[in-house]
Structure formats: structure tokens, C-alpha cells
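In case you want the letters, here they are:
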Amino acid sequence: LDSLLQEKTIFVPLEEFIPLGYKMTRVVEVVEIEEIKELSDTRTCDKEVELENDTLINDLTDVIDSNNIPEAAAATETVLSKRARKKLLKRQQWLDTKPERRAKEKEKRKLKIAALRIVKDFSESRISSRKSLKHTKMSDSSCKIGVVFDMQFGDLMNQRDLGKCLKQIMKCYSFNRRLTNQLQLSMTSLGGSVESEMSKNDGFRNWDFNFHSDRYDEVFSKEKIVYLSSESDCVLHQLEDDKVYIIGGLVDHNHHKGLCHEKATQLGIATGRLPIDEFVSMKTRKVLAVNHVYEILAAVSQGKEWKEAFLGVIPERKGVVPIKEEEESLELCDKDDQLIVGSSEA
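Since we're looking at a predicted model, the values are computed, not measured.

Novice: Please clarify how the overall build of the protein should be interpreted in this entry.
Specialist: Helices and strands together make up the secondary structure of the protein, namely 15 helices and 10 strands. Considering the protein as a whole, with its 346 residues, one finds that 34% of them fall into the buried category. When contacts within the protein are restricted to residue pairs at least 6 apart in sequence, those whose partners lie at least 24 apart make up 65%. When the accessible surface of the protein is totalled, it reaches about 22500 Å², and 49% of it is carbon and sulfur.

Novice: Help me out: how do you make sense of the sheet that holds strand E8 (residues 270–272) in this one?
Specialist: In a beta sheet, neighbouring strands pair by backbone hydrogen bonds and run either parallel or antiparallel. Strands sit in the order E5-E4-E3-E7-E6-E8 across an open sheet of 6 strands; the sheet is parallel. Each end of this open sheet is capped by a strand with a single partner; those strands are strand E5 (210–211) and E8. Judged from the 3 bridges that link them, strand E6 (residues 225–228) and E8 form a sheet pairing that is parallel. Residue pairing across strands places leucine 228 opposite glycine 272, the latter belonging to E8. Relative to strand E4 (residues 184–188), helix H8 (residues 159–177) is tilted by about 160°, and along the sheet it contacts strand E3 (146–150) and E4.

Novice: Is there a simple way to think about the environment of aspartate 140 in this case?
Specialist: Its place among the elements puts aspartate 140 in the loop between helix H7 (126–133) and E3. In this structure the C-alpha to C-alpha distance between aspartate 140 and glutamine 182, which are 42 residues apart in sequence, comes to 8.5 Å.

Novice: How should I be thinking about the pattern of salt bridges in this particular structure?
Specialist: Overall, the coordinates contain 5 salt bridges when judged by the stated rule. The salt bridge partner of arginine 273 is aspartate 277, with a shortest N-O separation of 3.9 Å. Accessibility expressed as a relative area gives 36% for aspartate 277, which makes it partly exposed. Through salt bridges with shared partners, a single network forms among Arg273, Asp277 and Glu278.

Novice: Can you walk me through unusual backbone geometry in this structure?
Specialist: Working note: non-glycine residues mostly have negative phi, and peptide bonds are mostly trans. For serine 189, which is not a glycine, the phi torsion comes out positive at approximately 60°. With respect to the helices and strands, serine 189 occurs in the loop between E4 and helix H9 (192–198).

Novice: I tried to follow a positive patch on the surface on my own but got confused; where do I start?
Specialist: A cluster of basic residues, Arg91, Lys98, Arg102, Lys106, Arg109 and Lys110, forms a positive patch at the surface. Residue placement: lysine 110 occurs in helix H6 (residues 98–120).

Novice: What is the right way to look at the pairing of E4 in this model?
Specialist: Regular strands show a simple pattern: their side chains alternate between the two faces of the sheet. Of all the 5 residues making up E4, 5 are buried; the element is thus mostly covered by neighbouring parts of the structure. Burial of the side chains of E4 extends over both faces: Gln184, Ser186 and Thr188 are buried on one face and Leu185 and Met187 on the other. The sheet contact formed by E3 and E4 spans 5 bridges and is parallel. When the sheet's bridge partners are listed, phenylalanine 149 is paired in E4 with methionine 187. Between the parallel pair E3 and E4, the chain is carried across by H8, and the sense of this crossover is right-handed. Here E4 runs beside E5; their pairing, made up of 2 bridges, is parallel. Opposite serine 186, over in E5, you have asparagine 210 as the bridge partner. Read as a crossover between parallel neighbours, the route from E4 over H9 to E5 is right-handed.

What counts as what
Residues numbered from 1 in each chain as written. Predicted model: local features only at pLDDT ≥ 70, side-chain atom pairs only at ≥ 80, totals over all residues. Heavy atoms only, no water. Helix = DSSP H or I, 4+ residues; strand = E, 2+ residues; numbered from the N terminus. Buried < 20%, exposed > 50% of the residue type's maximum accessible area, 1.4 Å probe, protein only. Contact = heavy atoms within 4.5 Å. Areas by Shrake-Rupley, 256 points an atom, 1.4 Å probe, with all protein chains shown as cover. Pairing = 2+ DSSP bridges. Axes fitted to C-alpha atoms, helices over the stretch in contact; angles between N-to-C directions. Salt bridge = Lys/Arg side-chain N within 4 Å of Asp/Glu carboxyl O. Patch = residues over 30% accessible without salt bridge, like charges linked within 9 Å, V, L, I, M, F, W, Y side chains within 5 Å. Lys, Arg positive; Asp, Glu negative; His and termini not counted. Charge placed at Lys NZ, Arg CZ, Asp CG, Glu CD. Right-handed = clockwise from strand over helix to strand, strands pointing away.

Keep in mind these values describe shape, not function.
Pasting the structure below:
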């Protein structure tokens, strides 16, 4: 600081000036000490704020070091937009209600364990049940079907959608650990924003999960890869142990339709789609969430039929109806129409 003061110029990074990620609508870039006397305490410029007073510099340092949320909020109240203030208020409300939510979750878990003990003669506590999972490994599983989450599209998602995508993958990981015969899970293209977001889960590198920074075609042999895509013309009829099934890690709200299929085709990778049309009818798009695709593969790998897997995994909101039941309902409608026509002619 002394050396910077001698040069009469000090650079104040925005992240240090505003602790805990508060954003200003004006950028503070260069602070020049000699012109501070001409400025008031509340004056800001689009490009520059000029400082000269040592006391004011010390005040800024105190704000940074104290890391006090209310003081920082008060300091930035004049420059925060209405939307930003709402976000801060919502965040504070979420933090204030955190103990209540934790208590509700704990009570919900107790009720769930109690129900399992009654229905399934479940004697293990939650802690002992989680400890028992450490003794089961993917490497010990008799199922060698590979499921890979392709995260090369991380830069196409905003932080919120990327977080949703990774939460879906974590659900898959949790589900896989509880399978009798675990599938072989992997994640490829782990880097950049994806790795930063995953780093929020302490110790994720120690999970029973294969992480790779390279793209999937650089990790696995092309002959073994099948990229799952609803746009593919090839229909999967069974899962093969020597194959690796790729699930595109992309939550885009249909903004990048067909991107996964296009990229795989450009690389000369075989594609395939789940036989949804052959067994069930859906009222919505046949694009499923990452965890739903995995759970269907897991159910089939454990011996279930495709139809049973679809009906058990796909959410009811998608209007899933078995093909035969739909045909029977259509036949009944046709008969009713014929009866109405016959009675009108009579």
C-alpha cells in the first residue's frame, strides 16, 4: 500500500470493494489520490473515482476486512438496482429460514425411516445405512454397462441451469450407489465452469465416480460409444455390457435443440434413442431430464422391461400412457361414434 501511495495511484478491484459478491452498476477502475479533495464522499464516475485522503483509504480497507453484510448493503444501497435489492432480500430471507428447513428435513427423514421399518421390516438407522454404502463399489459390480455424462456443453448454460444439470447427475450418483449391481458411471469434459460448480461439493473427487477432463471420444473407444439422443433414427432394444451410453449434460430449455445429436454425428459416433414410441405415448416432448434417462437405463439393466421402466420413471405430468391402453381407448371412442351415428340414422 505504501509503494502504491508513493506512486499516487491505487487500483481498487470491484470484488474487494464490495464484499460477498455485491455488484455495482458503475465500475471503479482507477483511483487517483491527488484529486480526492475535489470529490465528495458520494460522487462516483463511470470509469474513475479519484482518491487522495489516507483516511478514506483506511475506511475502505476497514469495510473490506470487516466483511459486514448490513454495512456493505448500506454502502451500496444508492447504486443497487431494485432487482438487485430484491435478490439480496430474498437471499437474506433464505438464510434466516435455513434452521427451520433443516428441522423439517430431519423430521421428514425420521418419518420415512419409520415407514420403511413398518412396510419393509427395515431395521437399519439412517447412519448405518449410509455407512453400508461405503462397502459397495462400482468395480465389484457384475454389471459393466457404462453410463457417461457429457459435460462439454457447460459454457452454453448459465450458472442456474448448470447447477440444475449437476444436481440431476448427483441424483444419478446417489441412485447408483444403492443399486444391487451398479452401473459404471463417468463424467467427461470436466473443466472450466463445470469443475468450478462441482467444486462446491467438497470431496467430490473421492466419490465412486470416474471423472475425466477429456472429451468422451478421447476416453473411450468409438466402437463402444452410443450417444443417446431423441433425434436418432436407431432404436435401442437392449443394453450391452461392452457399450458406453452417453447422456448429454445440457439443461437448455430447448434453446439448443438437436445439438448433442449433431455433435455426435460430426464425430462419427453411433447414436441411439430409447424405444419410447414403441411402448408408451406421451403428450409432451420426448426429451427427458438427465436423471430420468439414467434411471430408465438402470431399471432395464436390473432386469425390468422397457415399458415398466418408462411407466415407473417418466413423470406423470408428461401424460405417459401405455400404447395398448391408448389403442383400446381409441377403439372404444370409435365404437361410441358408430353407435351415435347409427342412432341418428335410425
